[in-house]
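Structural characterization, general
Here is what each chain is made of, one letter per residue.
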Amino acid sequence: MPKAAGRFGRLGWLLLSVLVLVIDQVSKAHFEGSLEMFQQIVVIPDYFSWTLAYNTGAAFSFLADSSGWQRWLFALIAVVVSAVLVVWLKRLGRNDTWLAIALALVLGGALGNLYDRIALGHVIDFILVHWQNRWYFPAFNFADSAITVGAIMLALDMFKSKKTGETVND
C-alpha cells in the first residue's frame, strides 16, 4: 500500500485542474471573439484548422439535437464526476503521482466544459482535425484534450501492478 500523502492526499494537484480550467476558458474566449461560427483558419493545410462551433450535446455532439434537457443532465453528471475525482485525489498516496496528474487533468477539463454548459448552454469548440476535405473529426477544445489525456493515463495506470510496478498478466 502506498504511503499516505498526508491529511489532504494529493489535493495539491488541484492546481493543475485550475490551470487546465484557466487555459480552457481563455482559449475559448479568444476563439469566440476572433471567429465567426464555422469560420476556419487553416493552420496546417489538409490536416488542422481553428474553427468556432457550439456543442449542446456531449462528446461528438451526442444528444445535441435534444430539446435542452441534456444540458442539465450533462451538467449533473459533470458535478458528480468532479466530486468523485476530488475525493479520489484526497485518498491517493505519495507514490500515486501519475494517477493524481490523470485525475487532475480530467477534473480540469470537466470543470471547463461544465462552466460552458451552465453559463452558455453549450460548449465552445475550436480545434478541427481533418484530412483534406474528405474526413473531419468533430471539433473539440482544450478541456476535451485534457480529459482525453487524463483518461488515457488512467487506462495505462490500470495495467500497472501497484505492488511491483510491473504490468498485470491476468
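The structure displayed is predicted, hence computed values, not measured ones. Starting afresh in each chain, residues are numbered from 1 along the sequence in its written order. In keeping with the model being predicted, local features are shown solely for residues with a pLDDT of at least 70 and side-chain atom pairs are shown and tallied solely at 80 or more, while totals for entire chains, interfaces and linings include all residues. Where side-chain values are given, they derive from all heavy atoms of the structure, hydrogens and water being excluded.

**Things to note about the UniProt feature "transmembrane region" (unreviewed entry) in the chain**
UniProt positions are given in the numbering used here, feature names are shortened, and annotations may be inferred rather than shown by experiment. UniProt's entry tags residues 72–89, 96–115 and 135–156 with the feature "transmembrane region" (unreviewed entry), counted in the numbering of this structure. Helix and strand shares over residues 72–89 are 100% and 0% respectively, and the end C-alpha atoms of the span are 26 Å apart. What counts as a helix is a DSSP run of H or I of at least four residues, what counts as a strand is a run of E of at least two, and both are numbered from the N terminus.

**Topic: the pairing of strand E3 (residues 123–131)**
When a residue's accessible area, from a 1.4 Å probe over protein chains only, is under 20% of the maximum for its type it is buried; when over 50% it is exposed; and in between it is partly exposed. Summarising burial for E3: 7 of the 9 residues are buried, a large majority. In terms of strand pairing, strand E2 (residues 48–55) meets E3 through 6 bridges, oriented antiparallel. Within E3, the residue paired with Trp50 across the bridge is Ile127. Strand direction decides the pairing type here: E3 and strand E4 (residues 135–136), joined by 2 bridges, are antiparallel. Each bridged residue has a counterpart across the sheet, and for Trp131 the counterpart in E4 is Trp135. For two strands to pair, DSSP has to find at least two bridges joining them.

**A short note on the confidence of the model for the chain**
Atom-level detail of predicted coordinates should not be read off regions where pLDDT is low. Each residue gets a pLDDT score, which is the predictor's confidence in that residue and runs from 0 to 100. When pLDDT is averaged along the chain, the result is 86; 80% of the residues meet or exceed 70. Across the chain, helix H1 (residues 14–34) holds the top mean pLDDT of 98, while helix H2 (residues 69–91) sits lowest at 86.

**Side note on the UniProt feature "active site" (unreviewed entry) in the chain**
Mapped onto this numbering, the UniProt entry gives "active site" (unreviewed entry) at Asp125 and Asp144. A compact arrangement is adopted by the annotated residues: their sequence extent is 20 residues, whereas the largest C-alpha distance between any two is 8.9 Å. The topology assignment puts Asp125 in strand E3. Here Asp125 falls in the buried class, since its relative accessible area comes to 4%. If we ignore the near neighbours within four places in the chain, the residues touching Asp125 are Thr51, Leu52, Ala53, Asn55, Ala139, Phe140, Asn141 and Asp144. In what follows, residue pairs with any heavy atoms lying within 4.5 Å of each other are defined as contacts.

**Section: the nonpolar core**
With 15 residues, the main nonpolar core has Leu85, Leu89, Leu92, Leu99, Leu103, Leu105 and Leu154 as its most contacted residues. For this core, the secondary-structure elements that each account for two or more residues are H2, helix H3 (97–120) and helix H4 (142–158). Per-element accounting of this core gives the leading share, 7 residues, to H3. In these notes, a set of buried Ala, Val, Leu, Ile, Met, Phe, Trp, Tyr and Cys residues joined through side-chain atoms within 4.5 Å is what counts as a nonpolar core. Counting residues in hydrophobic clusters, the runner-up holds 8 residues, among them Leu35, Phe48, Leu52 and Phe126.

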